[in-house]
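One-letter residues, chain by chain:
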Amino acid sequence: MCDSTYTEPKKTQWNFISEFSSDVQQPWLILGDLNFHLDSNSNSSDKWVQNRINDAGLIDIGYEGKDYTWTSNSYGTGSRKARLDMALSNNDWTFSFATAKILHLNFVASDHCLVLLITDPIPKNLLKPFKFFRTWIEHSNFKNTIDQSWNVDVHGSPAYKLSQKQHSSRISLSQWNRMEFGDIQKNINNLQNELQIA
């Protein structure tokens, strides 16, 4: 859902949602750029929306990540910041998806960050998906690292050999990446923080 920044369309939309909530007796959720603030220091338009949300029996499901989803520029470093993108659910939805959460992801060519709804979070102790970075190909040690990890001695069916060589390469390249490039996501977050300070 994307809510209007103008008062009249906003009132029409939230009046509809308030009426809709009285007709629906099953789990439901609203997710998107809702264009209002949940905090107590809100303006009168935001307070009006908060009253409609209360009338509809909706609650904020919470989030993980930065405390804002919008800034006054498209790099995520603007001086004005707010949490405008969120998910609101009724009690039935909250009980049905008790572990659900919204993730605030990175800003990518927009003044809003991406948000991701996860209804069944993956346990943190599982392996992360393998990511291949194109810049590795240009590194002088890349070919040697891939050759060594691929040339492991494996016995079994062709499919088993392939899966074991892929697994060996994944582990070797992940370790090599950490040694050569460090934690790339951490580096990106540090650079974004430095841009915010500047």
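The structure presented is a predicted model; accordingly, all values stated were derived computationally and were not measured.

## Some remarks on the packing of aromatic side chains
Thinking step 1. Here the structure, examined in full by the defined rule, presents 12 aromatic pairs.
Thinking step 2. Taken together, a centroid distance of 6.1 Å and an interplanar angle of 55 degrees make the contact between Phe 130 and Trp 136 tilted.
Thinking step 3. Given a relative accessible area of 1%, Trp 136 falls into the buried group.
Thinking step 4. With a centroid separation of 5.8 Å and an interplanar angle of 80 degrees, the aromatic rings of Trp 136 and Trp 176 are classed as edge-to-face. With Trp 136 in the loop between strand E8 (113–118) and helix H4 (142–150) and Trp 176 in helix H5 (residues 158–181), this residue pair connects regions lying 40 residues apart in the sequence.
Thinking step 5. An aromatic cluster is built from Phe 130, Phe 132, Phe 133, Trp 136, Phe 142, Trp 176 and Phe 181, whose rings are joined through pairwise contacts.

## A look at the environment of Ile 102
Thinking step 1. Within the secondary structure, Ile 102 sits in strand E7 (residues 101–107).
Thinking step 2. With relative accessibility at 1%, the residue Ile 102 sits in the buried group.
Thinking step 3. Spatially, the C-alpha atoms of Ile 102 and Gly 65 are 8.7 Å apart, while their sequence positions differ by 37 residues.

Conventions we followed
Residues numbered from 1 in each chain as written. Predicted model: local features only at pLDDT ≥ 70, side-chain atom pairs only at ≥ 80, totals over all residues. Heavy atoms only, no water. Phe/Tyr/Trp six-rings, centres within 6.5 Å; stacked < 30°, edge-to-face > 60°. Buried < 20%, exposed > 50% of the residue type's maximum accessible area, 1.4 Å probe, protein only. Helix = DSSP H or I, 4+ residues; strand = E, 2+ residues; numbered from the N terminus.

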